[in-house]
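# Summary of structural features
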Amino acid sequence: MQESIPPETSPSNPAQEPFDLGSCTLDSGDHDTPFSNALRQLDEAAAVIGLDPAVLELLRWPMRELHVTMPVRMDDGKTRIFHGFRVQYNDARGPNKGGIRFHPEETIDTVRALAAWMTWKTAVLDIPLGGGKGGVVCDPKSMSTGELERLSRSYIRQVGRILGIEKDVPAPDVYTTPQIMAWMADEYSFMQGYNDFGVTTGKPVAIGGSLGRGDATARGGIICIREAARTLGIDLHGATAAINGYGNAGSFAHKLSVELLGMKVVAVSDSRGGIFNADGLDHAAVTEYKQRTGSVTGFPGSKPLTNGDLLELDVTALIPAALEGEISCRNASKIRARIVAELANGPTTPDADQVLRKKGIYMIPDLLCNAGGVTVSYFEMVQNTSGWYWEEEAVHRQLEKKMTAAFKAVHETALRHDVGNRVAAMIVAVRRVEEAIRLRGWV
Ligand code: GLU
């Protein structure tokens, strides 16, 4: 039987000043969709820099999207019909790039937002790619390995015609894995008639994956937290972190914040709930426990807490690493972290973002914070094209260079325009995409 959190650390009992929420009320941003949030972010950056209206109008729309229907034979012999999407948001700077999500609540609106964010993300990191995203409406947790393989292959048979290393390259995202990327690359190779593994990234190393891709999203985020702490004059050694979401990004963020920064991870959570230990949670032990039981909840020696409580903990770094909209007007005023490092895509709604800024919380926006994944995906594309595979140390070195340069660009832009880091990242991105659009003569 587990105890509950003692009152002095309980977020339900925080000693906080009343806070002016401005327009961020319970009824405000929470009803917006991910894509309307993405457009608000774009409009805000466009207003600061006085973006040409024609360029803005172009950037407010996905350039191309494909909706597909897939019959899949299930293990019980029956056929189920699945639906999926691939959105190619903007490829002015290079081939579209972005993950595929398998999720029961996937919608075209979410995939559009995620594809837009990929366009900005690749531009912030200054890698020569555009932005795309895919999604399949399914519940992977209730499907067998065989069913997942047949669904993955079916998706590629439908969407493969608009994919390819010169056109659009998917990667893992929520509930998709290196194994799924391998099945997809295999199916595509048979469609082409030759091995064309460069159609996906995040593949297993044995079939053209890159060393260092597994922990790349988290590693990039950790580099950003390190740079933010330098900027703020915070010593991270022994400082606390809380991580919401324990998939690939969240779990590696736990490992690397301890190993590389000497931090203490006091709370982590997954979709079933969270765990807390003021002395710090051991990554290897939590990972082994989750693999064995399917969740972090009930981890021996920890106290239970909800995902909501985790977000409101008084920690140095809060790392949302799950889904969109976790920090909204419902909880923004109660966030107490010094730094919010967005490893998830779109975890903070635009209204909540303003509240965090007013509270003086240092935001490392998703476009920058989680861009390590797509950056090493780009390195994987380079390796697939050249046929020359890098050592892990070379991947880490190049990632370090890209992340610190992007951090600097965002930080300097924020100071120059007196805006938050998210608007600054959008400004860096939009300027770079605009330059490509102009050079290509589109506007
Ligand atoms: N799904 C990851 C993201 O949202 C990685 C995308 C990629 O590697 O293409 O950034």
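Just so you know, these numbers come straight off a predicted model, no measurement behind them. (Residues numbered from 1 in each chain as written. Predicted model: local features only at pLDDT ≥ 70, side-chain atom pairs only at ≥ 80, totals over all residues. Heavy atoms only, no water.)

This paragraph deals with the pattern of salt bridges. Following the criterion strictly, the structure yields 29 salt bridges and no others. Across the salt bridge formed by Arg112 and Glu65, the nearest N and O atoms sit 2.7 Å from each other. With Arg112 in helix 3 (residues 108-124) and Glu65 in strand 1 (residues 64-73), this pair connects stretches of sequence that are 47 residues apart. Take Arg112: its relative accessible area is 22%, and that puts it in the partly exposed class. (Salt bridge = Lys/Arg side-chain N within 4 Å of Asp/Glu carboxyl O. Helix = DSSP H or I, 4+ residues; strand = E, 2+ residues; numbered from the N terminus. Buried < 20%, exposed > 50% of the residue type's maximum accessible area, 1.4 Å probe, protein only.)

What follows is about the sheet that holds strand 12 (residues 339-341). If you walk across this open sheet you meet the seven strands as 10-9-8-7-11-12-13, and the pairing is mixed. The strands lining the two open edges of the sheet, one partner per strand, are strand 10 (303-305) and strand 13 (362-364). Shown here is a sheet whose adjacent strand axes are inclined to one another by a mean of 20°, direction ignored. Pairing of strand 7 (residues 240-244) with strand 11 (residues 317-320), which is carried by four bridges, proceeds in the parallel orientation. When the bridges of strand 11 are listed, Asn244 appears paired with Pro320. (Pairing = 2+ DSSP bridges. Axes fitted to C-alpha atoms, helices over the stretch in contact; angles between N-to-C directions.)

What follows covers the nonpolar core. Core analysis: the biggest nonpolar cluster contains 90 residues, and Leu59, Trp120, Val124, Val268 and Ile364 have the highest contact counts within it. In terms of residue count, helix 3 provides more of this core than any other element does, 11 residues in total. Contacts of Leu59, omitting those with residues within four sequence positions, involve Leu42, Leu51, Tyr89, Asn90, Trp120, Val430, Val433 and Ile437. Core analysis: the next-biggest nonpolar cluster, separate from the first, contains 24 residues, Met70, Val159, Met181 and Val199 among them. (Core = buried A, V, L, I, M, F, W, Y, C linked by side-chain atoms within 4.5 Å. Contact = heavy atoms within 4.5 Å.)

This next bit is on unusual backbone geometry. For Tyr175, which is not glycine, the phi torsion reads 60° and is therefore positive. Notably, Asp418 is not glycine yet its phi reads approximately 55°, a positive angle. Tracing the chain through its elements places Asp418 in the loop between helix 13 (392-417) and helix 14 (421-439).

Turning our eyes to something else, we now look at the sheet that holds strand 2 (residues 79-90). Pairing in this open sheet of four strands is mixed, and the strands run 1-2-5-4 from one edge to the other. Two strands in the sheet have a free side with no partner beyond their single neighbour: strand 1 and strand 4 (100-103). Mean inter-strand twist for the sheet, computed between neighbouring axes without regard to direction, equals 20°. Looking at chain direction, strand 2 and strand 5 (residues 131-137) are connected through seven bridges and run antiparallel. Considered in strand 5, the bridge of Asn90 is made with Gly131. In the packing of helix 3 onto the sheet, contacts are made with strand 1, strand 2, strand 4 and strand 5, and the angle to strand 2 comes to roughly 35°.

By themselves, these observations are geometric and do not establish any function.
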